[in-house]
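Structure assessment
Now for the letters of each chain:
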Amino acid sequence: MTSILWDSLRMVLVAPKCVSCELISPQPTRAGLCPICLPLCEPNNGRRCLKCDLPLPNASIICRSCAACPPLFNHLRTPFLYGGPLTEALTNFKFRNRVDLGRGLAELIDKDPAVDALLRNSTMVIPIPLSPKRLRHRKHNQATLLAKNLVKNRPTRVVHGLKRVRDTPPQSSLSLAARQTNLCAAFRAHRKVHNQSIVLVDDIVTTTQTAREAALTLKAAGARQVNMVAIARATKTLAENA
């Protein structure tokens, strides 16, 4: 009886709790998700825009947004769709100081063939920067933590080649129309990006405005190529862009 009680107590105190279903898992969690919730993360493997990786509901190869205004980034890859248990993992990582989830989240996309190819062919990896004010408030930049984990065992390096020069409202708090102009002239590139093949890293892509503005800034500074990888692609703008 004592052994059973001790094992139960140890389970409560030591075993990890899933950030999605909040149940205590007898098995190790990955990215904060238990073995039941992890398979519920939806891969972004269907028909997608060749430029921005947005899922497409028809036979198109380019979404309406990229066709109307081609982005300056070369390729963008997001191996998962935003939603389900992955939403809770990313929310805890980004807003609740669960920096311990960074390694597991990076591992979720690390073996994706497109992500691997983009990283291996890059000369530097640049995390999307936060403004100093937001960094002080959040205490960490989720993009930097992801980037540091993604470059492990790869012939590339993390470089802070972009600086946020305007403290803009969070994109997630704005309407679709407001997001289009919110980030204009928000970044400044370091001269070290000249003639480099760059991979930008962030956690979520929604309207691609962050990627577009960062690529515009880097290309203006002489970057040879700008690609981007993120964990998840939000699809709530699918109807407007497809």
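Described below are features of the structure shown in this document. Given the structure is predicted, the values throughout are model-derived calculations rather than measurements.

Basis of the calculations
- Residues numbered from 1 in each chain as written.
- Predicted model: local features only at pLDDT ≥ 70, side-chain atom pairs only at ≥ 80, totals over all residues.
- Heavy atoms only, no water.
- Axes fitted to C-alpha atoms, helices over the stretch in contact; angles between N-to-C directions.
- Helix = DSSP H or I, 4+ residues; strand = E, 2+ residues; numbered from the N terminus.
- Parallel < 35°, antiparallel > 145°, perpendicular 65-115°, else oblique.
- Left-handed = near helix turned anticlockwise from the far one by under 90°.
- Contact = heavy atoms within 4.5 Å.
- Nonpolar A, V, L, I, M, F, W, Y, C, P; charged D, E, K, R; others polar.
- Salt bridge = Lys/Arg side-chain N within 4 Å of Asp/Glu carboxyl O.

Quick look at the packing of helix α3 (residues 85-95) against helix α4 (residues 102-110) now. Taken N-terminus to C-terminus, the directions of α3 and α4 make an angle of 135°; their axes are 10 Å apart at the nearest point. In terms of their interaxial angle, α3 and α4 are classed as oblique. α4 is crossed by α3, and the crossing has left-handed handedness. Counting all contacts with α3, which are made through Leu-86, Ala-89, Leu-90 and Phe-93, the residues of α4 involved are Gly-102, Leu-105 and Leu-108. For the contact of α3 with α4, the residue count by class is six nonpolar, one polar and no charged.

The next subject is the pattern of salt bridges. If charged atoms from side chains of opposite charge come close, those side chains can pair. The tally for this structure, following the rule as stated, stands at 11 salt bridges. Of the charged contacts in the structure, one is a salt bridge between Arg-154 and Asp-110, with a shortest N-O distance of 2.6 Å. Of the two residues, Arg-154 sits in the loop between α7 (142-150) and β4 (162-164) while Asp-110 sits in helix α4, which places them 44 residues apart along the sequence. Arg-120 is the partner of Asp-116 in a salt bridge, and the nearest nitrogen-oxygen pair spans 3.0 Å. With Asp-116 and Arg-120 both in helix α5 (residues 113-120) and four residues apart, this pair spans about one turn of that helix. Salt bridges here are not isolated pairs; linked through shared partners, they connect Asp-110, Lys-111, Asp-116, Arg-120 and Arg-154.

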